[in-house]
Amino acid sequence: MSNFKNFIGKEEIINNIQIFIRASKTNKKVLDHILITGQPGMGKTTLAKCIAKELDTSIKIIQGPEIKTRIDILNTIYFLKEGDILFIDEIHSINKGCFEILYNLMDNFKININIGKEGNQKISCLSVPRFTLIGATTLLGILPDPFEDRFGININLNNYTNDEIIRILNNENKEKILSDYELKKIAEHSKFTPRIAKKIYKRVSDFKQGTKLDIDKILLKLNIYEKGISDLDLRYLSLLEDRSSLSLKTISQTLNIDEKTILNKIEPYLFKIRFIEKSSKGRKLTKIGSEFFKK
């Protein structure tokens, strides 16, 4: 039985990965380095763990911001064994000075280290076990091109379909707490994101076991509106109502929310469903977005 059996959806991606894994085993080589892109909650970490299980190897998981110096890299790879996987989440956020150190590691599995006291140091090239680096990022555009080019396998975990979300929820709903209709409603309010769907499922299940409310009333109590729009989304949309456009800076200051949160958490979905668009002067509400907000 494949170790990808619990990774629901994205069959074409999984099939390709299995081909790459079989080839690496046949050729007795470590799997090429993998770069996984996608918005938060799409299953990047889960996929990395599935790949490690399929390879029957260990995986070391570290967050990008934890890598600030050469020492951090050395500490990270110290316990790696031949064929292991090093998974760096939010890999775009590692210290910029560390990217070049990773180049030689990825290409040749070697790293330069300083030996001796200050003023009498020598550089020695240390070989490390051959491993597979899996990097996950929500911000592909800020990775240096030479770094991105070193990943032999590129995977984009984009939005899930409602059918895929329902299959994921059915896996959570083994005790049949919720009906098929209720799972469908959750999928429609999940912003195409498995993590959000699972979170809503847990809260709806709590209500269903403690009250007699129907799914629509439960979603409203959770402040989740049509298409999964949240209170925060509505606050954002309200700023654009009856305005030609607003700059990102103005939106950030008015909502008292940092720009990164707006760029990475709020706007991608609103752009996806065509509620907002960019103009030369900033963001503005589309006709579709305006009609929704007036509801």
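Model, not experiment: these values are computed from the prediction. (Residues numbered from 1 in each chain as written. Predicted model: local features only at pLDDT ≥ 70, side-chain atom pairs only at ≥ 80, totals over all residues. Heavy atoms only, no water.)

A count of helices and strands for the protein chain gives 13 helices and nine strands. Considering the protein chain as a whole, with its 295 residues, one finds that 43% of them fall into the buried category. Taking contacts inside the protein chain between residues at least 6 apart in sequence as the whole, the part at least 24 apart equals 68%. If you average the places of the 49 positive and of the 37 negative side-chain charges in the protein chain, the two averages end up 1 Å apart. (Helix = DSSP H or I, 4+ residues; strand = E, 2+ residues; numbered from the N terminus. Buried < 20%, exposed > 50% of the residue type's maximum accessible area, 1.4 Å probe, protein only. Contact = heavy atoms within 4.5 Å. Lys, Arg positive; Asp, Glu negative; His and termini not counted. Charge placed at Lys NZ, Arg CZ, Asp CG, Glu CD.)

What follows is about the environment of F20. Summarising the element assignment, F20 is placed in helix α1 (residues 11–26). Residue classification places F20 among the partly exposed positions, given a relative accessible area of 37%. Note: C-alpha distance between F20 and H33 (13 residues apart in sequence) is 11 Å. Not counting residues up to four positions away in its chain, the partners in contact with F20 are L31 and I153.

Attention now moves to the packing of helix α3 (residues 70–77) against helix α4 (residues 99–108). Following both chains from N to C, one finds α3 and α4 inclined at 30 degrees, their axes separated by 10 Å at the closest point. Judged by the sense of rotation from one axis to the other, the crossing of α3 with α4 is right-handed. Residues R70, I73 and I77 of α3 pack against I101, L102 and L105 of α4. Of the residues in the contact of α3 with α4, the class split is five nonpolar, no polar and one charged. (Axes fitted to C-alpha atoms, helices over the stretch in contact; angles between N-to-C directions. Left-handed = near helix turned anticlockwise from the far one by under 90°. Nonpolar A, V, L, I, M, F, W, Y, C, P; charged D, E, K, R; others polar.)

This brings us to the packing of aromatic side chains. Tallied over the entire structure, the rule returns seven aromatic pairs. Here the aromatic rings of F192 and Y269 are separated by 5.9 Å at their centres, their planes lie at 55 degrees, and the arrangement is tilted. Here F192, found in the loop between α7 (180–188) and α8 (194–210), pairs with Y269, found in helix α12 (residues 259–272); they are 77 residues apart in sequence, far enough to count as distant. F192 gets classed as partly exposed once you look at its relative accessible area, which sits at 24%. When its relative accessible area of 9% is taken as the criterion, Y269 is described as buried. Aromatic rings pair up to connect F99, Y103, F147 and F151 into one cluster. The ring centre of Y160 lies 4.4 Å from the NZ or CZ of K10, which sits over that ring. In this arrangement the basic side chain of R150 is found over the ring face of Y103, its NZ or CZ atom lying 4.2 Å from the centre. (Phe/Tyr/Trp six-rings, centres within 6.5 Å; stacked < 30°, edge-to-face > 60°. Lys NZ or Arg CZ within 6 Å of the ring centre and 35° of its normal.)

The next thing to look at is helix α11 (residues 248–255). What α11 keeps buried is the set L248, I251, S252 and L255. Each buried residue of α11 sits inside an arc of 100 degrees when the element is viewed along its axis, so together they form one side. Seen from the open side of α11, the exposed residues pointing more than 90 degrees away from its buried face are K249 and Q253. The inward-facing, buried residues of α11 abut α10 (231–240), α12 and β9 (282–285). (Arc of directions from axis to C-beta.)

So, about the environment of T76. Its place among the elements puts T76 in helix α3. Sequence separation between T76 and E66 is 10 residues, and the spatial gap between their C-alpha atoms is 9.7 Å.

Turning our attention to the pairing of strand β8 (residues 276–279). Here four bridges tie β8 to β9, and the two strands are oriented antiparallel to one another. Looking at β9, one finds that K278 is bridged to R283. Connecting β8 to the next strand, β9, in antiparallel fashion are two residues. (Pairing = 2+ DSSP bridges.)

Taking 1.5 Å per residue as the helical rise, α1 with its 16 residues ought to reach 22 Å, and the 22 Å between its terminal C-alpha atoms agrees with that figure. Every buried residue of α1 is accounted for by I13, I14, I17, Q18, I21 and S24. Down the axis of α1, the sector holding all buried residues measures 135 degrees, keeping them to one side. In α1, the exposed positions angled more than 90 degrees off the buried face are occupied by E12, R22 and T26. (Expected span 1.5 Å × (residues − 1).)

Quick look at the nonpolar core now. In this structure, L47, I51 and I155 are the most contacted members of the largest nonpolar core, which totals 40 residues. Examining the composition of this core, we find that six residues originate from one element, helix α2 (residues 44–55), more than from any other. Those residues within four positions of I51 in sequence are excluded, and the remaining contacts are F4, I17, I21, L31, I34, I85 and I134. (Core = buried A, V, L, I, M, F, W, Y, C linked by side-chain atoms within 4.5 Å.)

A complete count under the given rule lists 11 salt bridges for this structure. Where E11 meets R167, a salt bridge forms, and the shortest distance between an N and an O atom there is 2.8 Å. Of this pair, E11 sits in helix α1 while R167 sits in helix α6 (residues 162–172), and the two are 156 residues apart along the sequence. Owing to a relative accessible area of 38%, R167 belongs among the partly exposed residues under this scheme. Note that E188 and K184 form a salt bridge whose closest N and O atoms lie 2.6 Å from each other. Taken together, the positions of E188 and K184, both in helix α7 and four residues apart, correspond to about one turn of that helix. (Salt bridge = Lys/Arg side-chain N within 4 Å of Asp/Glu carboxyl O.)

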